[in-house]
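Examination of the molecular architecture
Residue strings, one per chain:
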Amino acid sequence: MEQLNFLIGEWVGTSKVYENGVVTKQGTAYEKISYDLDKSILVIELNTEFLQLHTIINYDEKDQKYYYYRFSKEDAARYPAEYKDGQLIVWRDEKTRFFFGRTPEGDFQEYGEQLIKGKWTKIFEDTFKNTQ
């Protein structure tokens, strides 16, 4: 779990949703990320003007894999994840993935991509600055 220390903080920024490469929604985003249960899970609370998510990430020693548990008002889901090249990559399915990482300036960024006609296309992007 220590690999994910870079996510910890109280973040404020902008959330953008894309369709066919064009921003269709944009708004202010707030995210609080902290450890819980003696650092055995990472808790992410995301609030934007159009989306609220509660997410828990844990590392399964037996599987040697991270798991990303996403909860919204509508549903819940569990996706496998991996830490690679300094970022967490969550695989919703073979054609959809989410990245959690740092920008070159040291800020926090998460974005999602879908495989459309053989090309990875951005579907959302959230960029944040730490308020702590």
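Heads up: these notes are all about the structure in this document. Since the structure is predicted, the reported quantities are computational estimates derived from the model, not experimental observations. (Residues numbered from 1 in each chain as written. Predicted model: local features only at pLDDT ≥ 70, side-chain atom pairs only at ≥ 80, totals over all residues. Heavy atoms only, no water.)

**Quick word on the side chain of Asp-126**
- Here Asp-126 shows up in strand S10 (residues 119-130).
- One buried charged residue, Asp-126, remains without a salt bridge, the closest side chain of opposite sign being Lys-16 at 9.4 Å.
- Engagement of the side chain of Asp-126 in a polar contact is seen with the side chain of Ser-15, the distance being 2.6 Å.
- Excluding its chain neighbours within four sequence positions, the residues that come into contact with Asp-126 are Thr-14, Ser-15, Lys-16, Leu-46, Phe-108, Gln-109 and Glu-110. (Helix = DSSP H or I, 4+ residues; strand = E, 2+ residues; numbered from the N terminus. Buried < 20%, exposed > 50% of the residue type's maximum accessible area, 1.4 Å probe, protein only. Lys, Arg positive; Asp, Glu negative; His and termini not counted. Salt bridge = Lys/Arg side-chain N within 4 Å of Asp/Glu carboxyl O. Polar contact = N/O pair within 3.5 Å; in protein donor to acceptor, adjacent residues only side chain to side chain. Contact = heavy atoms within 4.5 Å.)

**Brief notes about the side chain of Glu-31**
- The topology assignment puts Glu-31 in strand S2 (residues 22-36).
- We note that Glu-31 is buried and unpaired, the nearest opposite charge coming from Arg-102 at a distance of 11 Å.
- Discounting chain neighbours no more than four positions away, the residues touching Glu-31 are Gly-9, Glu-10, Trp-11, Ile-44, Glu-45, Leu-46, Phe-108, Glu-110 and Phe-128.

**Remarks on the pairing of strand S7 (residues 87-93)**
- Inspection of the sheet shows strand S6 (residues 76-84) paired to S7 by 4 bridges, in the antiparallel sense. Note that in S7 the partner of Glu-82 across the bridge is Ile-89.
- Two successive antiparallel strands, S6 and S7, enclose a turn made up of 2 residues, where Asp-85 displays a positive phi of approximately 55°.
- As defined by bridge partners, S7 adjoins strand S8 (residues 96-102) across 5 bridges and the pair is classed as antiparallel. By the bridge assignment, Ile-89 is partnered in S8 with Phe-99.
- Hairpin connection between S7 and S8: a loop of 2 residues separates the two successive antiparallel strands. (Pairing = 2+ DSSP bridges.)

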